[in-house]
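# Chain and residue survey
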Amino acid sequence: MKLLRSLCMALSMYMYSGIPVPQVKWEEENMAYAMCFFPLVGLIQGACVLLVFFAADSLELSPVLSGVLLALVPLLITGGIHMDGFCDTVDALSSHAPREKKLAIMKDPHCGAFAVIGFAAYMLASFGLWHEAALTGASRYVLALVPVLSRSLSAFAVVSFKSAKGDGLLAAFSGAADVRTVRIVSALWFIAAVAGMFAGSLTIGGASLFAAGAVFGYYGNMAYRKFGGTTGDLAGWFVTVCELACLGAAVLTEKIGGLL
């Protein structure tokens, strides 16, 4: 029952737009394994990506419309929770303020100009890259597993990185988590995602994995250097940037392969 409650908490927390699940109490006992199921949300997102690809094939949708739908999938599945973290982080980083001020900016519910600019730039880049991916669809199976990869790394970071604040959502989850179990399960999710991506395409999967590793390394360094640790907003920033970087790496690799 504890695992089931953790599953429901993970789905309700990370799928605000979402799939209806039974509501459970926000107690430490129910949070212990919630992060183990975080990559499952990515699996659902990946299934929706494949669904859009197959619908585009069946209905002969244009690459433009397919690109729009694919760019919207992450927002529709998660209710924009990770994008919210991305926007807050962009605002904080753009302030070039001291650490405590950056943390205060991320906590501020108001949306700054840099957040709007960052969101617009992200969605334009996402649409453009998904449009290119929709032209051939060769990398669809790799890209469907990227959300699992990003969330397995994010879940591992939540229980491994120092929290920048003693309060907040991330601190609550990391403090209540069964650290050893979450690390092991996150590693298993990661291995499964990488194996599936390599099975889809060795070159495209390898390029996406390299991009994810580069973003993860930057995320850890940036979080400690600029914020003194990670936060829920920074975790959201990582998921969104990691997925965009993997998408870009997949499209670029596919294009280069087509020229050779």
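Worth saying up front: this structure is predicted, and the values here are computed from it rather than measured. Along each chain, the written sequence defines residue order, and numbers are assigned to residues from 1. In keeping with the predicted nature of the model, local features appear solely for residues at pLDDT of at least 70, side-chain atom pairs appear and are counted solely at 80 or more, and the whole-chain, interface and lining totals rest on all residues. Hydrogens and water are ignored here; the side-chain numbers use all heavy atoms of the structure.

## Notes on the overall build of the protein
Labels follow the DSSP assignment, with helices taken as runs of H or I lasting at least four residues and strands as runs of E lasting at least two, numbered in each case from the N terminus. For the protein, the count of helices and strands is 12 helices and 0 strands. Across the protein, helices and strands are ordered from the amino to the carboxyl terminus as α-α-α-α-α-α-α-α-α-α-α-α. When burial is assessed residue by residue, the protein has 51% of its 260 residues classed as buried. In the structure as shown, the protein presents an accessible area of about 11800 Å², 69% of it carried by carbon and sulfur atoms. When accessible area is computed with a 1.4 Å probe and restricted to protein chains, residues below 20% of their type maximum are described as buried, those above 50% as exposed, and intermediate ones as partly exposed. Each accessible area value is a Shrake-Rupley result obtained with a 1.4 Å probe; residue values ignore everything except the protein chains displayed when judging cover.

## Re helix 8 (residues 140-160)
Here a helix's expected span is defined as the number of its residues, less one, multiplied by 1.5 Å. With 21 residues, helix 8 extends 31 Å from end C-alpha to end C-alpha; this agrees with the ideal 30 Å at 1.5 Å per step. Helix 8 sits mainly inside the fold: 18 of its 21 residues count as buried.

## A word on the packing of helix 4 (residues 63-78) against helix 7 (residues 113-136)
Here the axes come from fitting lines to C-alpha atoms, over the contacting stretch only for helices, and the angles between their N-to-C directions go from 0 to 180 degrees. For the pair helix 4 and helix 7, interaxial distance at closest approach is 7 Å and the crossing angle is 125 degrees. Our classification of the angle between helix 4 and helix 7 gives oblique. As for the relative orientation of helix 4 and helix 7, their crossing is right-handed in sense. Two secondary-structure elements touch here, helix 4 through Pro63, Val64, Ser66, Gly67, Val68, Leu70, Ala71, Leu72 and Leu75 and helix 7 through Met123, Ser126, Phe127, Trp130, His131, Ala134 and Leu135. Between 65 and 115 degrees an angle is taken as roughly perpendicular, under 35 as roughly parallel, over 145 as roughly antiparallel, and anywhere else as oblique. A crossing counts as left-handed when the near helix is turned anticlockwise from the far one by less than a right angle, and as right-handed when that turn is clockwise. Should any heavy atoms of two residues lie within 4.5 Å, those residues are counted as being in contact.

## Some remarks on the side chain of Ser150
Mapped onto the elements of the fold, Ser150 is located in helix 8. In this structure Ser150 comes out as buried when scored by relative accessible area, which is 0%. Contacts of Ser150, omitting those with residues within four sequence positions, involve Phe238, Val239, Cys242 and Glu243.

## A closer look at a nonpolar patch on the surface
Exposure above 30% relative accessible area and no salt bridge define the residues that can form patches, which grow by joining like charges within 9 Å and nonpolar side chains of Val, Leu, Ile, Met, Phe, Trp and Tyr within 5 Å. Any Lys or Arg side-chain nitrogen located within 4 Å of an Asp or Glu carboxyl oxygen qualifies as a salt bridge. Judged by side-chain polarity, Val64, Leu65, Val68, Leu69, Leu72 and Leu76 come together as a nonpolar surface patch covering roughly 470 Å² of accessible area. For Leu72, the location among the structural elements is in helix 4.

## What about the environment of Gly196?
Mapped onto the secondary structure, Gly196 falls in helix 10 (residues 179-200). Of the residues examined, Gly196 reaches a relative accessible area of 24% and is grouped as partly exposed. Sequence separation of Gly196 and Ala144 is 52 residues, and the distance between their C-alpha atoms is 9.6 Å.

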